[in-house]
Amino acid sequence: MFGHFRPEFYVHRQTPMLDIQLLRSQLDRVAERLASRGKVIDFSEFTALETERKTLQARTQELQSQRNLLSKQIGMLKSKGEDVAGVMAEVAALKAELEAAEARLNALLTQFNAILATLPNLPHESVPVGSGEHDNVEIKRWGTPRVFEFAVRDHVDLGERAGRLDFASAAKISGARFAVMKGDWARLHRALIQFMLDTHTAEHGYTEVYVPYLVNRDSLFGTGQLPKFEEDLFKVPRGDAEPFYLIPTAEVPVTNIVRDAILAAEALPLKLVCHTPCFRSEAGAAGRDTRGMIRQHQFEKVELVQIVRPEHSWEAHEELTRHAEAILEKLDLPYRRMVLCTGDMGFAAAKTYDLEVWLPAQQTYREISSCSNFEAFQARRLQARFRNDKQKPELVHTLNGSGLAVGRTLVAIVENYQNADGSITIPEVLRPYMGGVVRIASAT
RNA sequence: GGAGACGUGGCCGAGAGGUCGAAGGCACUCCCCUGCUAAGGGAGCAUACGCGCUAAAACGCGUAUCGAGGGUUCGAAUCCCUCCGUCUCCGCCA
């Protein structure tokens, strides 16, 4: 069906995401830290596999060495015109054992890697231990939720009444979890993208990039969306060729820019900002956020990505999070910063801050950005390295964060900036992007 | 889409079944000489993994890797198959 595309190929090829040396030398410590995020390692299976691997690998390599030695002899003898039958017989005797050893070792390594591929990143020491969302810890709050003197409407109400939001058409065209926006709402949506990109490039030192929205499997493995989260992705079959996948986030194409690359030390830090649509099947989200634009199959996002030297990644994590917060502050949207607990973090993250914006209609804070430091976890898979001060290749650290999710930002603006007549006041920083318009979507 | 060529280390580039992990050049590091908007000489310089030795390195030995995967062979960068990618020409196209 996919021609010569073989899923098992990736199990072989991909290096595990945790440092294999660390696992071997400090299994206890690794197990303990993984346990804090609800991942239990089977010690006995691991050590048993590891023991067998050692002896088998040593034996295989020994046999290979013998074969190589004898083969060289054959070459030498032949060039002198001497008889090689004896050596040929000797090497033939090795063959059966060598082939068996190689096959077993291969099978073992496949099994080993399959286990390793399921291990998530180790959480940073500063991450609170917890089992789920309720254990996340609020770090800070910014802004004061506005007090309304009229009954607040949510964005769906506001948009549909004003004829700017049309879910019925979207459902007809595609289905549930899509939106059609019209007129000044569509323009506001576009304005937000421009505003975010301009701010990050002009004020925060990012370079804007444009990237493919259809990516291959290798890229999804590189950033950790595969193999575990295939059901969240939209897959695009291509006959016999390897399928494409629609990107779930710009993180995938942008971070994969440095896959298999050895960067010059001077190239770091690499700070990239990218606007893309994002596509998510939302397979596990049936029934959640079915109203409105909060959870869509297709949405726009401006993504911040940093590729940095390992010693700078924690500093960069704070900085990148501030860059995302700056957008909320310029828009004067109240928000809070949460640090995700061990049980709620993504697979590849060492630490994640979520930014949550105030939504007056829901009387709650909702996620609008997620900023993570992956340390070397992604880089190890990506084989993304730089030449360190000793001129040796060393894994980089990767980070990313939404700066911000555009659709949710639009929701936050219309809800927070709504007026009694259903119109929306445009935040000052956006007016230049709206042709100077101050209010939109009034009843007339 | 059709026809052809090609893919070798940080870069360029030899290599055509046997002491090839890979000549030579550039870049880089160290040393010597010299002396100042530079040149010459010498040495070193791929990555991953395993084993040994270490406090840890360095180091030593081994294995694998010449776009990727598989095959032929005692032995593959070299031969065969498949895939991926690049370039040239033709066709088509926003």
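None of the values given here were measured: they were computed from a predicted structure.

Moving on to the overall build of chain A. Along the backbone of chain A there are 13 helices and 16 strands. In terms of principal-axis extent, the alpha carbons of chain A reach across some 100 × 45 × 45 Å. For chain A, the residues scored as buried account for 51% of the 444 residues in total. Contacts in chain A between residues far apart in sequence, at least 24 positions, make up 73% of those at least 6 positions apart. Just so you have it, chain A exposes about 20700 Å², and 52% of that area is on carbon and sulfur atoms. Distance between charge centroids for chain A: 2 Å, based on 54 positive and 58 negative side chains.

The volume enclosed by the second largest pocket comes to roughly 360 Å³. Around the second largest pocket sit 18 residues that line it, and Leu22, Arg33, Leu122, Glu375 and Arg380 are the ones nearest its centre. Looking at the lining of the second largest pocket, the elements that each hand over two or more residues are helix H3 (27-35) and helix H12 (377-382). Within the lining of the second largest pocket, the residues separate by chemical class into eight nonpolar, four polar and six charged.

Another point: the nonpolar core. With 48 residues, the main nonpolar core has Trp185, Leu188 and Ile413 as its most contacted residues. Listing elements by their share of this core, those giving two or more residues are helix H6 (155-161), helix H8 (183-202), strand E8 (298-308), helix H11 (313-330), strand E10 (351-359), strand E11 (364-373), strand E14 (397-405) and helix H13 (406-416). In terms of residues, this core owes the most to one element, H8, which gives eight residues. In contact with Trp185, other than residues within four places in its own chain, are His155, Leu158, Gly159, Arg164, Leu165, Leu410, Val414, Ile424, Ile440 and Ala441.

Quick notes on the rules
- Residues numbered from 1 in each chain as written.
- Chains lettered and ligands numbered in written order.
- Predicted model: local features only at pLDDT ≥ 70, side-chain atom pairs only at ≥ 80, totals over all residues.
- Heavy atoms only, no water.
- Helix = DSSP H or I, 4+ residues; strand = E, 2+ residues; numbered from the N terminus.
- Buried < 20%, exposed > 50% of the residue type's maximum accessible area, 1.4 Å probe, protein only.
- Contact = heavy atoms within 4.5 Å.
- Areas by Shrake-Rupley, 256 points an atom, 1.4 Å probe, with all protein chains shown as cover.
- Lys, Arg positive; Asp, Glu negative; His and termini not counted.
- Charge placed at Lys NZ, Arg CZ, Asp CG, Glu CD.
- 1 Å grid on protein atoms, 1.4 Å probe; cavity = no way out; pocket = protein on both sides within 12 Å on 5 of 7 lines; lining within 4 Å.
- Points joined across faces, edges and corners; volume = space filled by probe spheres on them.
- Nonpolar A, V, L, I, M, F, W, Y, C, P; charged D, E, K, R; others polar.
- Core = buried A, V, L, I, M, F, W, Y, C linked by side-chain atoms within 4.5 Å.

Any functional reading would require information that these geometric values do not contain.
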